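Residue-level structure breakdown
These are the residues of each chain, in order.
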Amino acid sequence: MITAPHIKSRSELTAMMIDFTSNGGEVRTFKRGHTSDWIYLRDLLQGFGYEVKVVRSWYVVRQIGAKGRPPRLGRAAAIREIDRVLVANGMQPFMITKHEFLEARP
């Protein structure tokens, strides 16, 4: 099992952040209250014209009013789809990988 190194003090964490940003890194920021809670995401994406539902053990993320049977998604696929909608609306994605969401990278 791999564990994260222990940060001994706030000053050590601050020093790590300064080192990261001085070498070209940029810290991603989220607005206050932004969370991965499904009720919050349902309401947020509804404002962007999407519905987010949990149906048994599957997730549904699709545009409101879309015709046909919605695709059933696993959790990781649902979060990828939610991230796609967030990035399209100028927000930071939850997950960021080496190859996805290049437009959201600093």
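Right above here is the structure, for reference.
Quick summary incoming for the structure in this document. Remember, predicted model here, so these are calculated numbers, not experimental data. (Residues numbered from 1 in each chain as written. Predicted model: local features only at pLDDT ≥ 70, side-chain atom pairs only at ≥ 80, totals over all residues. Heavy atoms only, no water.)

Focus on the overall build of the protein
Rule in force here: Helix numbering and strand numbering both begin at the N terminus, where a helix is a DSSP run of H or I of at least 4 residues and a strand a DSSP run of E of at least 2. Relative accessibility decides the category of a residue: with a 1.4 Å probe and only protein chains considered, values under 20% of the type maximum give buried, values over 50% give exposed, and everything between is partly exposed. Should any heavy atoms of two residues lie within 4.5 Å, those residues are considered in contact. Areas reported as accessible are Shrake-Rupley estimates using a 1.4 Å probe. Residue values count occlusion only from the protein chains shown.
When helices and strands are tallied, the protein shows three helices and two strands. What you see in the protein, going N to C, is helices and strands ordered as α-α-β-β-α. The burial tally for the protein puts 23% of its 106 residues in the buried class. Summarising the internal contacts of the protein: among those between residues at least 6 apart in sequence, 29% fall at separations of at least 24. For the protein, the exposed surface amounts to about 8,200 Å²; the carbon and sulfur share of it is 55%.

Concerning the packing of aromatic side chains
The line we're drawing: For this analysis, a ring pair means two rings from Phe, Tyr or Trp (six-membered ring only for Trp) whose centres lie within 6.5 Å, classed as stacked if their planes differ by under 30 degrees, edge-to-face if by over 60, and tilted for the remaining angles.
Evaluated as defined, the whole model comprises one aromatic pair. A ring pair is formed by Trp38 and Tyr59, whose centres lie 4.8 Å apart and whose planes are at 20°; its orientation type is stacked. Here Tyr59 lies in strand E2 (residues 58–63) and Trp38 lies in helix H2 (residues 38–47), a separation of 21 residues in the sequence.

Focus: the nonpolar core
For clarity, the threshold we go by: Nonpolar core, defined: a set of buried Ala, Val, Leu, Ile, Met, Phe, Trp, Tyr and Cys residues in which side-chain atoms within 4.5 Å join the residues together.
Counting 13 residues, the largest nonpolar core has Trp38, Leu45, Val52, Val61, Ala78, Ile82 and Leu86 as the members making the most contacts within it. Going through the elements one at a time, H2, strand E1 (50–55), E2 and helix H3 (75–88) are the ones with two or more residues in this core. Setting aside anything within four residues of it in sequence, one finds Val61 in contact with Leu45, Glu51, Val52, Leu73, Ala78, Glu81 and Ile82.

Notes on a nonpolar patch on the surface
In plain terms, the rule: Every patch collects residues that have over 30% relative accessible area and no salt bridge, joining them within 9 Å if they carry like charges and within 5 Å if they are nonpolar side chains (Val, Leu, Ile, Met, Phe, Trp, Tyr). Salt bridge, as used here: a side-chain nitrogen of Lys or Arg that lies within 4 Å of a carboxyl oxygen of Asp or Glu.
A cluster of nonpolar side chains, namely Leu13, Met16 and Met17, defines an oily patch on the protein surface of about 260 Å² accessible area. By the element assignment, Met16 lies in helix H1 (residues 10–22). The class for Met16 is partly exposed, based on a relative accessible area of 44%.

What about the environment of Glu51?
By the secondary structure assignment, Glu51 is in strand E1. Separated by 13 residues in sequence, Glu51 and Ile64 have C-alpha atoms that sit 5.7 Å apart. Here Glu51 is in contact with Val60, Val61, Arg62 and Ile64, once residues within four sequence places are set aside.

Here we look at unusual backbone geometry
Here Arg56, not a glycine, exhibits a phi torsion of approximately 55°, which is positive. Mapping Arg56 onto the fold places it in the loop between E1 and E2.

Re H1
Selection criterion: Multiplying one less than the number of residues by 1.5 Å gives the expected span of a helix.
For H1, which comprises 13 residues, the first-to-last C-alpha distance of 18 Å matches the rise-based estimate of 18 Å (1.5 Å per residue) to within 8%. Looking one or two residues beyond H1, the residue adopting positive phi is Gly24, at roughly 95°.

Observations regarding the packing of H2 against H3
We count it as follows: Angular values range over 0 to 180 degrees, each being the angle between N-to-C directions of two axes fitted as lines to C-alpha atoms, with helices fitted over their stretch in contact. Each angle gets one of four labels, with under 35 degrees taken as roughly parallel, over 145 as roughly antiparallel, 65 to 115 as roughly perpendicular, and the rest as oblique. Each crossing is labelled by how the near helix is turned from the far one, with a counterclockwise turn of less than a right angle marking it left-handed and a clockwise turn marking it right-handed. Throughout this entry, Asp, Glu, Lys and Arg are counted as charged residues, while Ala, Val, Leu, Ile, Met, Phe, Trp, Tyr, Cys and Pro are counted as nonpolar. The remaining residues, Gly among them, count as polar.
Across the interface, H2 lies against H3 with an axial gap of 11 Å and an inter-helix angle of 40°. Considered as vectors, H2 and H3 are oriented oblique to each other. H2 and H3 meet at a crossing whose hand is left-handed. Contacts between H2 and H3 involve Trp38, Leu41, Leu44 and Leu45 from the former and Arg75, Ala78, Ile82, Val85 and Leu86 from the latter. Taken together, the residues of the contact of H2 with H3 sort by class into eight nonpolar, no polar and one charged.

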